[in-house]
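Analysis of the macromolecular model
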Amino acid sequence: MEAFTTIISKSAPLPLENVDTDQIIPARFLKSISREGFGENLFRDWRYNKDGSPKEDFVLNQVVDASILLTAKNFGCGSSREHAAWAILDYGFKVVISSFFADIFKSNALNNGLLPVQVSDDFLTVLFNSVEQNPNQRIKVDLRDQLVSIEGSDQTESFEISGYKKHCLLNGLDDIDFLLSKKKAIEKFEQRALVL
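Notes on the structure in this doc start here. What you are looking at is a predicted structure, and each value in this text was computed from that prediction instead of being measured. (Residues numbered from 1 in each chain as written. Predicted model: local features only at pLDDT ≥ 70, side-chain atom pairs only at ≥ 80, totals over all residues. Heavy atoms only, no water.)

Here we look at the pairing of strand S1 (residues 7-14)
Side-chain direction in a regular strand flips from residue to residue, so the side chains alternate between the two faces of the sheet. Summarising burial for S1: six of the eight residues are buried, a large majority. The pairing of S1 with strand S5 (residues 139-142) spans three bridges and is antiparallel. Bridge pairing in S5 places Ile-8 opposite Lys-140. (Buried < 20%, exposed > 50% of the residue type's maximum accessible area, 1.4 Å probe, protein only. Helix = DSSP H or I, 4+ residues; strand = E, 2+ residues; numbered from the N terminus. Pairing = 2+ DSSP bridges.)

Here's what the structure looks like:
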């Protein structure tokens, strides 16, 4: 995985609650076990008309160069498909901000290098209002200090993340990479256990 650094970016606002994984990546596109290629079908049924032409009013057809997906409450509910996190990452997002994430989606996101940032309902409203007033407003997500803030203002809020997942993201490690980084310590422990 790519190591996570501080992200300062515009955001793509998606003010819809209860967005489930079938809306994120419809089941008919789950034909691969590779993580690549899912971004083109992210929110497929919301992004495109039946003839394949883009829907002009959908945010992903308007916003460019955004690394942050700004979403409403209960994002990633529904099935446990890991492809939802893959599609968001493959599209180019590195962070998803919401006031609540479904547990399995949150776990899948963290396991794949996508940072789910959970903020309060009030701060989420502040973020949406800021982006509505200025679509070019940049948001800063600082994983090391666990802060999300609106650039050019004093509006900021902290967010929670497990120490283990934070370490993995900052160092670009997935679970297997983390275990391999402990190989010498594991071997040393095994040798001591054999002596006992």
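Examining the nonpolar core
Core analysis: the largest hydrophobic core is formed by 27 residues, its most contacted members being Ile-24, Phe-43, Phe-75, Ile-88 and Phe-105. In terms of residues, this core owes the most to one element, helix H3 (residues 83-91), which gives five residues. Once residues lying within four places of it in the same chain are set aside, the contact partners of Ile-24 are Val-19, Asn-41, Leu-42, Phe-43, Phe-75, Gly-76, Ala-84, Ile-88 and Phe-105. If you look at the next biggest cluster of nonpolar residues, it comprises 24 residues, including Ile-7, Leu-70, Val-119 and Leu-124. (Core = buried A, V, L, I, M, F, W, Y, C linked by side-chain atoms within 4.5 Å. Contact = heavy atoms within 4.5 Å.)

Structural notes on the packing of aromatic side chains
In the structure shown here, the tally under the stated rule is eight aromatic pairs. Plain terms: the ring middles of Phe-75 and Phe-105 are 5.2 Å apart, the flat faces sit at 85° to each other, and that makes the pair edge-to-face. Here Phe-75 is found in the loop between strand S2 (66-71) and H3, whereas its partner Phe-105 is found in helix H4 (residues 103-111), with 30 residues between them in sequence. An identical accessibility class is assigned to Phe-75 and Phe-105; each is buried. Both rings, one in Phe-101 and one in Phe-105, keep their centres 6.1 Å apart while their planes meet at 20°; by these two values the pair is stacked. Residue Phe-101 shares its accessibility class with Phe-105, and that shared class is buried. An aromatic cluster of three or more residues is present, and its members are Phe-43, Trp-46 and Phe-58. (Phe/Tyr/Trp six-rings, centres within 6.5 Å; stacked < 30°, edge-to-face > 60°.)

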